[in-house]
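Here's the letter readout for the chains.
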Amino acid sequence: MDALQTPDMPATDAPTHVVRGACPHDCPDTCALRITVQAGKVVRIQGDPDHPPTHGALCTKVSRYAERSYHPERVLTPLKRIGPKGAGQFEPVGWDEALDAIAGRLRSIAARDPQAILPYSYAGTMGLVQGDGMAARFFHRLGASLLDRTICSSAGGEALMATYGRPVGMHLEWFTESRLIVIWGSNSISSNLHFWTYAQQAKRAGAKLVCIDPRRTETAEKCHQHIALLPGTDGALALAMMHELIEQGWLDADYIERHVHGWPALLERALQWPPERAAEVCGITADEVRSLARDYATTRPAAIRLNYGMQRVRGGGNAVRLIAMLPCLTGAWRHRAGGLLLSASGWFRPAMRTAWLQRPDLLAGRTPRTINMSTIGDDLLREASPGFGPKIEALVVYNSNPVAVAPESAKVARGFAREDLFTVVLEHFLTDTADHADYVLPATTQLEHWDAHRAYGHTYAMLNEPAIAPVGQARSNAEIFRLLAARMGFDDPCFADSDQAMALGAFDPEQVSPQALSDNGWAKLSIADAPFAEGGFPTPSGKALADAPGLGVPDFVPNYESAQSSPDLARRYPLAMISPPARHFLNSSFVNVASLRAAEREPLVEMHPQDAAARGIAQGALVRVVNDRGTYLCKAELNERARPGVVNGLGIWWRKYGLGGTNVNELTHQQLTDIGRAPAFYDCLVDIHPA
Ligand SMILES: Nc1nc2c(c(=O)[nH]1)N[C@H]1C(S)=C(S)[C@@H](COP(=O)(O)OP(=O)(O)OC[C@H]3O[C@@H](n4cnc5c(=O)[nH]c(N)nc54)[C@H](O)[C@@H]3O)O[C@H]1N2
Ligand SMILES: Nc1nc2c(c(=O)[nH]1)N[C@H]1C(S)=C(S)[C@@H](COP(=O)(O)OP(=O)(O)OC[C@H]3O[C@@H](n4cnc5c(=O)[nH]c(N)nc54)[C@H](O)[C@@H]3O)O[C@H]1N2
Ligand SMILES: [Mo]
């Protein structure tokens, strides 16, 4: 945690002023920023000391945000392709030329079938305006294919909806009062730093911290106990914990009776999971299962910080449903420092003016098909068919780098390389995806535009004011879609709304005080301290659902790829590979910031020394990580962060900064999770050979 002095800024006597901002990145922390500007330049970015979750501290990456915004390789003019697809050869063109050409092409495709046009975006910025604000209005009016935005959190998100009615959970702040914190599938120090600050306060006050993670992360090292289970086996562990709660008489019968629906059927299932059975599936000891259950049941208040790492497997949705039942069975929700937090995003839903921001009514009765962003590799390679609809002829990408981040990337890259595909990419940099564009349009960064933000790891609404004028000829995403709308002849008045008006109008003023937003840059939602102490889950019955409509009672669902579920495959590819985030990158963002890339050194796969010895692989050796889908070239990092049988391919390098133009998604597949249609990135068998 270090605040940054932007390097190489001339010291002048010019006066400075401070602008309030919000970190735009896809991270649970959504920090409040204080941006110091001098002579029209950002000279310093700090965390807001008054915003409780931020507490004046920023991560290393965002401390370097000015370095990213003033990066010499930033795209500063519109670019037109002059080389083969994917070669990244462009010439600068004027805005009018680029926008006229794009609107002309989109219009001619839309005249045949607008569903042949696909927007592709994720959370490069989580802003409500520069995310799916004006862009959503544009694509709704156009009648383009809809995008199912599943790449990150939809397995866990829909599992929470099935259990609690919405993705809601504990307040971040009360973790300080917990006596037991189970950090489950989260490397908090790396990807949820501000939660870790609260957890440390609890630790200093005597709380026990337990980490459940196949990898011995820096977070696991700092907990009292680390349970290194096999990837994709969390559901079995949760069932065995329930078994112990039942057998030892640790259930809160009164809470269950009043606030849980469907427990008897789940109880029957849990009784089939004695600790020995789960231990076998999870690759841990029965004592570990028992002690976890005992700690969880007998420590008050007990909190679970679940994160998305554990849901990136076939059974991720069922596992989240099972884990989300645990605090209902022990009554942990009775205390404000007990319960569970996976996502807080659902708390914002009633306060957001989503229909106004996104205008789905502009579809005017049309019901375009939906394309799942997680199967973009296959879908770009599909011909027209009655089941699929028209071939995808045009892609408009913003806030995402699918060629690097989507699963089975050889297919994704092949799809993006189609000569007949028209691709527009709104970007800050020439990413692997932008390299495949017909036109690249220069987008503003968070320092240069208005936005409004919700969070998924805390309960403060946030406002971002522009600190500086756009760098070069950059324009905000919203402005680019506004200009395209005008050229397409879209005349609904909503296409004239300014970025500022959209940011200030994003929240219902009755629920999020506009005064607080503009005075502080943030405003806390008003939610009870212990929101489910007396039940009141946002389900129709107000009860938590062990048995959910359409889904039934959750169960352990084994991985697609594991020794147990696919023994033939496991004989050929005996190592399970997970590919969690690298600490100094944010997904594939920041890979091009030299100081952060230097901190991550090289594309690495962590292996246990035993697994390496069996393959004649030495520390630092160049290796080929392989399966039937592809080959990833990287360096072997031998250490005990990896448990035997599991390797960690840290993500997500740009392919062009990788070795041999590869990254870890060469190996991942496009099969989807049980709930939420999400990718199963961490459900992946490989083998490793010296290169
Ligand atoms: N520094 C940094 N911060 C980030 C990101 C980043 O790339 N870099 N990414 C951001 C994004 S997009 C997201 S979605 C969030 C959340 O990101 P998450 O995906 O929750 O990332 P992590 O907190 O690293 O947690 C993943 C942890 O889960 C572990 N894991 C993998 N498989 C399993 C399993 O089957 N079971 C269990 N119990 N654990 C498993 C991994 O070893 C890893 O330590 O983080 C955000 N924050
Ligand atoms: N193997 C493996 N693959 C993974 C994961 C994993 O753990 N393992 N994690 C998955 C997860 S959780 C996620 S969320 C996805 C993330 O995947 P993406 O959402 O694609 O995230 P990034 O790679 O950070 O790319 C975001 C891009 O948006 C751009 N951007 C940022 N702000 C703006 C803006 O204001 N305007 C425009 N036009 N562009 C902007 C950035 O420059 C960046 O290139 O990756 C997934 N892929
Ligand atoms: Mo994510």
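Residues numbered from 1 in each chain as written. Chains lettered and ligands numbered in written order. Predicted model: local features only at pLDDT ≥ 70, side-chain atom pairs only at ≥ 80, totals over all residues. Heavy atoms only, no water.

With that out of the way, let us pick up the site of ligand 2. In the vicinity of ligand 2 there are 31 residues, among which Arg68, Glu427, Ser588, Ser589 and Tyr682 approach most closely. Side-chain polar atom of asparagine 399 to a nitrogen atom of ligand 2: 3.1 Å apart, as the coordinates give it. Here serine 400 contributes a side-chain N or O atom positioned 2.8 Å from an oxygen atom of ligand 2. Taken by itself ligand 2 offers 920 Å² of open surface, and the protein chains cover 97% of this. (Near = heavy atom within 4 Å. Polar contact = N/O pair within 3.5 Å; in protein donor to acceptor, adjacent residues only side chain to side chain. Areas by Shrake-Rupley, 256 points an atom, 1.4 Å probe, with all protein chains shown as cover.)

The domain boundaries assigned to the chain delineate domain 1 (16–69), domain 2 (79–150 + 360–524), domain 3 (155–342) and domain 4 (567–690). One C-alpha centre belongs to domain 1, the other to domain 4, and the line joining them spans 32 Å. Taken together, the 9 residues of domain 1 in the interface contact 10 residues of domain 4. Counting the surface lost from both domain 1 and domain 4, the interface buries some 830 Å², and carbon and sulfur atoms represent 69% of this. When the buried area of domain 1 at its contact with domain 4 is split by residue, His25, Lys61 and Arg68 rank highest and sum to 58% of it. (Domains from an automatic or database assignment. Contact = heavy atoms within 4.5 Å. Buried area = accessible area lost by both parts, 1.4 Å probe.)

The element strand E10 (residues 208–212) is extensively covered by neighbouring structure, given that 4 of its 5 residues are classed as buried. Pairing geometry for strand E9 (residues 180–184) and E10, over 5 bridges, is parallel. Looking at the pairing, tryptophan 184 lines up with isoleucine 212 of E10. In terms of strand pairing, E10 meets strand E11 (residues 225–227) through 3 bridges, oriented parallel. Bridging from a neighbouring strand, isoleucine 212 pairs with isoleucine 227 of E11. (Buried < 20%, exposed > 50% of the residue type's maximum accessible area, 1.4 Å probe, protein only. Helix = DSSP H or I, 4+ residues; strand = E, 2+ residues; numbered from the N terminus. Pairing = 2+ DSSP bridges.)

A word on the side chain of asparagine 648. Within the fold, asparagine 648 resides in strand E27 (residues 646–649). Among the polar contacts made by the side chain of asparagine 648, one reaches the side chain of glutamate 606 at a distance of 2.8 Å. Not counting chain neighbours up to four residues away, the residues in contact with asparagine 648 comprise Arg215, Ile578, Leu604, Val605, Glu606, Arg641 and Ala642.

On to the site of ligand 1, then. For ligand 1, the set of nearby residues contains 35 residues, the closest of which are Ser191, Asp213, Asp234, Phe585 and Asn587. At 3.1 Å, a backbone N or O of isoleucine 212 approaches a nitrogen atom of ligand 1. The separation between a nitrogen atom of ligand 1 and a polar side-chain atom of aspartate 234 is 2.7 Å. A total of 900 Å² of accessible area belongs to ligand 1 in isolation, and the protein chains cover 99% of it. Partitioned by chemical class, the residues of the shell around ligand 1 number 18 nonpolar, 10 polar and 7 charged. (Nonpolar A, V, L, I, M, F, W, Y, C, P; charged D, E, K, R; others polar.)

Scanning the entire structure with this criterion turns up 47 salt bridges. Of the charged contacts in the structure, one is a salt bridge between arginine 359 and aspartate 361, with a shortest N-O distance of 2.9 Å. Judged by its relative accessible area of 47%, aspartate 361 falls in the partly exposed class. Residues participating in the shared-partner salt-bridge network are Asp252, Asp254, Arg258, Arg334 and Glu534. (Salt bridge = Lys/Arg side-chain N within 4 Å of Asp/Glu carboxyl O.)

Turning our attention to the side chain of serine 374. The topology assignment puts serine 374 in the loop between strand E15 (370–372) and helix H16 (376–380). A polar contact is formed between the side chain of serine 374 and the side chain of threonine 150, at a distance of 2.6 Å. Here serine 374 is in contact with Thr150, Ile151, Pro407, Gln670, Leu672, Arg677, Ala678 and Pro679, once residues within four sequence places are set aside.

Our focus in this paragraph is the sheet that holds E9. Within the open sheet, the 5 strands sit side by side as E11-E10-E9-E13-E14. Their pairing is parallel. In this open sheet, the two strands that pair with only one neighbour each are E11 and strand E14 (339–341). When the angles between neighbouring strand axes are averaged without regard to direction, this sheet yields 20°. Here strand E13 (residues 302–306) pairs with E14 via 3 bridges, running parallel. Among the inter-strand pairings, alanine 303 is bridged to a residue of E14, identified as glycine 339. (Axes fitted to C-alpha atoms, helices over the stretch in contact; angles between N-to-C directions.)

Time to look at the packing of helix H9 (residues 234–247) against helix H14 (residues 316–329). For the pair H9 and H14, the least separation of the axes is 8 Å and the interaxial angle reads 25°. In terms of axis orientation, H9 runs roughly parallel to H14. Along this stretch, H9 crosses H14, giving a crossing that reads as left-handed. Listed contacts from H14 to Asp234, Gly235, Ala238, Leu239, Met241, Met242 and Leu245 of H9 are Ala319, Leu322, Ile323, Met325, Leu326 and Leu329. Looking at the contact of H9 with H14, its residues break down into 11 nonpolar, 1 polar and 1 charged. (Parallel < 35°, antiparallel > 145°, perpendicular 65-115°, else oblique. Left-handed = near helix turned anticlockwise from the far one by under 90°.)

Before going further, it helps to spend a moment on the packing of aromatic side chains. Overall, the coordinates contain 21 aromatic pairs when judged by the stated rule. Ring geometry for phenylalanine 138 versus phenylalanine 481: centroids 5.5 Å apart, planes at 45°, classification tilted. On the criterion of sequence distance, the pair formed by phenylalanine 138 in helix H4 (residues 134–142) and phenylalanine 481 in helix H19 (residues 477–488) is long-range, its members being 343 residues apart. For phenylalanine 481, a relative accessible area of 0% puts it in the buried group. With a centroid separation of 4.3 Å and an interplanar angle of 25°, the aromatic rings of phenylalanine 532 and phenylalanine 537 are classed as stacked. For the pair formed by phenylalanine 532 and phenylalanine 537, the shared burial category is buried. Of the aromatic side chains, those joined through ring pairs into one cluster are Phe138, Phe139, Tyr398, Phe481, Phe490 and Phe495. Across the ring face of phenylalanine 388, the terminal group of arginine 369 is positioned such that the distance to the ring centre comes to 4.6 Å. (Phe/Tyr/Trp six-rings, centres within 6.5 Å; stacked < 30°, edge-to-face > 60°. Lys NZ or Arg CZ within 6 Å of the ring centre and 35° of its normal.)

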